[in-house]
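As a plain string of letters, each chain reads:
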Amino acid sequence: MGTYKCCLIFKRRYRWTDAPPPEDVRALFAQHSGGTATMGADGLRRYLESTGTDPDFDADAEAERLLDQIRQAQRVRVPRVGRPLLGIDDFHRFLFSDDLNPPLRRPQVHHDMAAPLSHYYIYTGHNSYLTGNQLSSDCSDVPIIKALQRGVRVIELDMWPNSAKDNISILHGRTLTTPVSLLKCLRSIKEYAFVASPYPVIITLEDHLTPELQDKVAKMVLEVFGSILYYPEEEHPKELPSPENLKGRVLLSTKPPKEYLEAKAGGTIKDTDGKGGDDDAAWGKEVPDFKTEIQSAKQEDDDSMHPGDDEDDDDDEEEQKMQQHLAPQYKHLITIRAGKPKGGTTSDALKCDPDKVRRLSLSEQELAKAVVNHGTEIVRFTQRNLLRIYPKGTRVTSSNYNPFIGWVHGAQMVAFNMQGYGRALWLMHGFYKANGACGYVKKPDFLMQTEPEVFDPKKQQPVKKILKVKVYMGDGWRMDFKQTHFDQYSPPDFYARVGIAGVPADSIMKKTRTIEDNWVPVWGEEFSFDLTVPELALLRVEVHEYDMSEKDDFAGQTVLPVSELQPGIRAVALCDRKGNKYPHVKLLMRFEFELV
C-alpha cells in the first residue's frame, strides 16, 4: 500500500500487488510439466533443452543446479533426495531472475582468440585519465582503474614534461586540466590490468617529451611492468600477435603526436557539444544515424580535417627528424607503431605495406569524410593494420559519437570518453558484453574477406534475420527508488522503448503504451526487427516514466549484443545512466529469431 499527497491536504492510497505470471509463462509451464501442478528436474531440463543454443550444454546438471538455487532463494531447505518440485509461481520467479535466467549466453570467451590483433574490435578509451570534461577537469588514475574494471583494454595517456622539465606528467595538453604523475598511472594499470579480462592491455602514449624524458619513460615502464611488458624482437613485424598469445601482457603503442597541436595556432575551442548542465543533452540526446554524421562532416569547414594534419603523419621531414632523436630503448619498447606513408591523400594513408603493420588514427570527422569515397579501402586496410578513431576536439564535455561508422568499416579501436555517460556510451558498454566481456570481439567474417571482393559498407544488404522481441512486464523500481522519486502524487507511469542500433538499415526504436499508476507495469507487447547485419546489431532497451508537465524521467536502460541473445523468455536487468546495474530493476522479455 502506498500513500501520496493530493491537493495538499488530502491523501490517496494505492494498493501494490505483484503481477501474475503472463499467459505465455503459464503455457510453457503446462507444456513442460506435463499438465500437472508442479515441475520437477525432468520438466525443467526439457524447458532448458528447448531454449538452449550451446551444443555442449548439460541440461541435466543445469536443471539440478537451478532447482537448488531457486529453493535457496526461497529459504526453503529441501533434502536433495526429496526431489524439490516447482509450482507456477516458482517457475515464474525463475524466469524473472536475471541471475538464473540471463538474456545473454553464459559469460565465457567463445570466439577464436588465436588470430592477429587486427581481426578484433578492441575496447578502447580516449584520454583515459580525465575525470570529467576535456578542458578543466582533474587528471587521475581513478578513471583508468574504473575503465579496466569494466573491461576496457586500451588506455590512452598524454605525456608532457612537468613544470620543472625533469619528470613526466599526464594531462590534456594546453588546457586547464590538473596533472597526475605517469608513475602513478602505470602502477594502477599494472594492478588492475587483468581484473576483468586476461587478454592484453594496450597503452597508447601520446608523446610530447624530449629524448631525455623518453628514456626516463622507458625505465619507468620496464621497472613497473617487468616481465609482463611485451615488445617484439623485430622493429617492424609483418603481422600482429594474437590476443591468445598476449594473455597477461601489456603493450605500448605510440609516436610523436599532433592530435592536439592545433592549440599552437592560438585558436579557441568552441563548445558545440550542447549545454553541459542540461540532463537531456547528457543522456536524452539520441545517437545520430551515421549517414547523418557523414553529411554533417561534409558540411563542416575544419582545416584540421586535411588528411596530412592528423597525429599519425610521421613520415614528413619534421617527423623524420623527431624519430632520429627518439631514445633507443624507448623506441624498442613500442609494439604497435603509429604512422602513415608519406603523402597527403586519404588513399596514401590507407595503403597497405606487405612488409609491416601499423596503426592509423583518424578523428570521427576524418573518418566520416573518408568513408564517402574510400569505404572499401578502409575495410581492406583494417584487415591487417589497426585503425583508431577518436572523438573530435569540440567534444569538450566528453560526449561521444556513433561507433557504428567505425565498426562497420572494420576499425578496431573506436576510442570513447569512458568517464561520461549517454546513449552512445551505452552502445559501447553493450557491444563489449559479447565474447564473455573480455574486451576483444572478433570481427565478422565478411569484414575479413577479400574474395570475390572486399565488403562495401555502402551497398544495401539483404535481410538475414528477423528478431522478435516481446516485452511482458517490469519490476524492481519500488525496491530501488523512493516512493516519490518519479511522481509526488501517484505511482509512476512507465513505458518502454525497444529498438536496434546498428547499420542505418537496421536502426530503429519502437515504444510500448504507457501503464499508468503502477510500480509493476505489464505491457505484453511484441515488436519485430529486420536485420541486414545481425553480426553487429545491438538491442536497445530503455524505460521512462511519462510526465505530462515536464520531460519524462529516466527509469533504466540496457544494451545487449544481438549475436549473444539466448532465445526464449529471459530476465533483462536494467542499468542507470552510467551503466551500473540496478539491484532489482528488470524486465521480463522474450526473444525469437527467424532466418530469412
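The model shown is predicted, which means the values in this text are computed figures rather than measured ones. (Residues numbered from 1 in each chain as written. Predicted model: local features only at pLDDT ≥ 70, side-chain atom pairs only at ≥ 80, totals over all residues. Heavy atoms only, no water.)

A look at the overall build of the protein chain
Then step 1. Assigned secondary structure in the protein chain consists of 16 helices and 21 strands.
Then step 2. A buried classification covers 55% of the 596 residues belonging to the protein chain.
Then step 3. In the protein chain, once contacts between residues fewer than 6 apart in sequence are set aside, the share between residues at least 24 apart is 75%.
Then step 4. Carbon and sulfur atoms make up 49% of the accessible area of the protein chain, which totals about 26400 Å². (Helix = DSSP H or I, 4+ residues; strand = E, 2+ residues; numbered from the N terminus. Buried < 20%, exposed > 50% of the residue type's maximum accessible area, 1.4 Å probe, protein only. Contact = heavy atoms within 4.5 Å. Areas by Shrake-Rupley, 256 points an atom, 1.4 Å probe, with all protein chains shown as cover.)

Section: the sheet that holds strand E12 (residues 413-414)
Then step 1. If you walk across this open sheet you meet the three strands as E10-E11-E12, and the pairing is parallel. Edge positions in the sheet fall to strand E10 (359-363) and E12, since each of these pairs with one other strand and no more.
Then step 2. Bridge count between E10 and strand E11 (residues 386-390): five bridges; the pairing is parallel. Among the inter-strand pairings, leucine 362 is bridged to a residue of E11, identified as isoleucine 389.
Then step 3. Sheet strands touched by helix H13 (residues 364-381): E10 and E11. Its angle to E10, the strand with the most contacts, is close to 145°. (Pairing = 2+ DSSP bridges. Axes fitted to C-alpha atoms, helices over the stretch in contact; angles between N-to-C directions.)

Description of unusual backbone geometry
Then step 1. Note that the residue after glutamate 451, namely proline 452, is joined by a cis bond; omega there is -5°.
Then step 2. For proline 452, the location among the structural elements is in the loop between strand E13 (440-442) and strand E14 (465-475).
Then step 3. Phi angles above zero are rare outside glycine, and asparagine 435 is one such case at about 55°.
Then step 4. With respect to the helices and strands, asparagine 435 occurs in the loop between helix H15 (423-431) and E13.
Then step 5. Judged by relative accessible area, which is 0%, asparagine 435 ranks as buried.

Remarks on the nonpolar core
Side chains of nonpolar character tend, in soluble globular proteins, to be buried together.
Then step 1. By size, the foremost hydrophobic cluster in this structure holds 115 residues, and its most contacted members are Leu157, Ile203, Trp477 and Leu539.
Then step 2. Leu28, Phe29, Ala63 and Leu66 belong to the second largest nonpolar core, which has 25 residues in total. (Core = buried A, V, L, I, M, F, W, Y, C linked by side-chain atoms within 4.5 Å.)

A short note on the sheet that holds strand E7 (residues 201-207)
Then step 1. One open sheet accounts for six strands, arranged E6-E5-E4-E7-E8-E9; its pairing is mixed. On the outer flanks of this sheet lie strand E6 (180-181) and strand E9 (334-337), each paired with one strand and no other.
Then step 2. Across six bridges, the pairing between E7 and strand E8 (residues 250-255) is parallel. Residue pairing for E8: isoleucine 203 is matched across the bridge by leucine 252.

So, the packing of aromatic side chains
Then step 1. Following the criterion strictly, the structure yields 21 aromatic pairs and no others.
Then step 2. Between phenylalanine 91 and phenylalanine 94, the aromatic rings sit 6.1 Å apart at their centres with planes inclined by 40°, giving tilted as the arrangement. Placement of the pair is phenylalanine 91 and phenylalanine 94 together in helix H4 (residues 88-95), with a separation of three residues, close to one helical turn.
Then step 3. Arranged with centres 4.4 Å apart and planes meeting at 10°, the rings of tyrosine 123 and tyrosine 432 form a pair that is stacked. Taken together, the residues span a long stretch of sequence, with tyrosine 123 in the loop between strand E3 (120-122) and helix H5 (142-150) and tyrosine 432 in the loop between H15 and E13 at a distance of 309 residues.
Then step 4. Tyrosine 432 gets classed as buried once you look at its relative accessible area, which sits at 3%.
Then step 5. Among the aromatic residues, those joined into a ring-pair cluster are Tyr121, Tyr123, Phe404, Trp407, Phe431 and Tyr432.
Then step 6. Here the guanidinium or amino end of lysine 511 rests over the ring plane of tyrosine 495, the centre of that ring lying 4.3 Å away.
Then step 7. Geometry around phenylalanine 96 places lysine 586 over its ring, the cationic atom sitting 5.2 Å from the centre. (Phe/Tyr/Trp six-rings, centres within 6.5 Å; stacked < 30°, edge-to-face > 60°. Lys NZ or Arg CZ within 6 Å of the ring centre and 35° of its normal.)

Some points on the confidence of the model for the protein chain
Then step 1. Per-residue confidence for the protein chain gives a mean pLDDT of 87; residues scoring 70 or more make up 84%.
Then step 2. In the model, residues 301-320 has pLDDT below 50 throughout and makes 59 contacts with residues more than four positions away in sequence or in other chains. (pLDDT = per-residue confidence, 0-100.)

Quick notes on the pattern of salt bridges
Then step 1. With the rule as written, the count across this model stands at 27 salt bridges.
Then step 2. Several salt bridges share partner residues, and in doing so they unite Asp24, Lys470, Glu526, Arg590 and Glu592 into one network. (Salt bridge = Lys/Arg side-chain N within 4 Å of Asp/Glu carboxyl O.)

Considering the packing of helix H2 (residues 41-51) against H4
Then step 1. It is the contact of H2 with H4, at a shortest axis distance of 13 Å, that shows an interaxial angle of 35°. Classified by chirality, the crossing of H4 by H2 is right-handed. Each of Leu44, Tyr47 and Leu48 in H2 lies in contact with H4, whose residues at this interface are Phe91, Phe94 and Leu95.
Then step 2. When its residues are assigned to classes, the contact of H2 with H4 shows six nonpolar, no polar and no charged. (Left-handed = near helix turned anticlockwise from the far one by under 90°. Nonpolar A, V, L, I, M, F, W, Y, C, P; charged D, E, K, R; others polar.)

Quick notes on the packing of helix H6 (residues 182-192) against helix H7 (residues 211-225)
Then step 1. Where H6 contacts H7, the two axes come as close as 10 Å, and the packing angle between them is 30°. As judged from the angle between their axes, H6 and H7 are roughly parallel. The element H6 and its partner H7 pack so that their crossing is right-handed. On H7, the residues that touch Leu182, Leu183, Leu186, Arg187, Ile189 and Lys190 of H6 are Val217, Met220, Val221, Val224 and Phe225.
Then step 2. Grouping the constituent residues of the contact of H6 with H7 by class yields nine nonpolar, no polar and two charged. (Parallel < 35°, antiparallel > 145°, perpendicular 65-115°, else oblique.)

Observations regarding the pairing of E8
For a regular strand, side chains alternate in direction, first toward one face of the sheet and then toward the other.
Then step 1. Most of E8 is tucked away, with six of its six residues classed as buried.
Then step 2. Side-chain alternation along E8 places Val250, Leu252 and Thr254 on one buried face and Leu251, Ser253 and Lys255 on a second face that is also buried.
Then step 3. Chirality of the crossover, the property in question, places the unit of E7, H7 and E8 among those that are right-handed.
Then step 4. Strand direction decides the pairing type here: E8 and E9, joined by three bridges, are parallel. By the bridge assignment for E9, leucine 252 is matched with isoleucine 334. (Right-handed = clockwise from strand over helix to strand, strands pointing away.)

A few points about the side chain of threonine 204
Then step 1. On the secondary structure map, threonine 204 appears in strand E7.
Then step 2. By relative accessible area, which is 1% here, threonine 204 ends up buried.
Then step 3. Contacts of threonine 204, omitting those with residues within four sequence positions, involve Val154, Ile155, Glu156, Leu157, Ser253 and Arg359.

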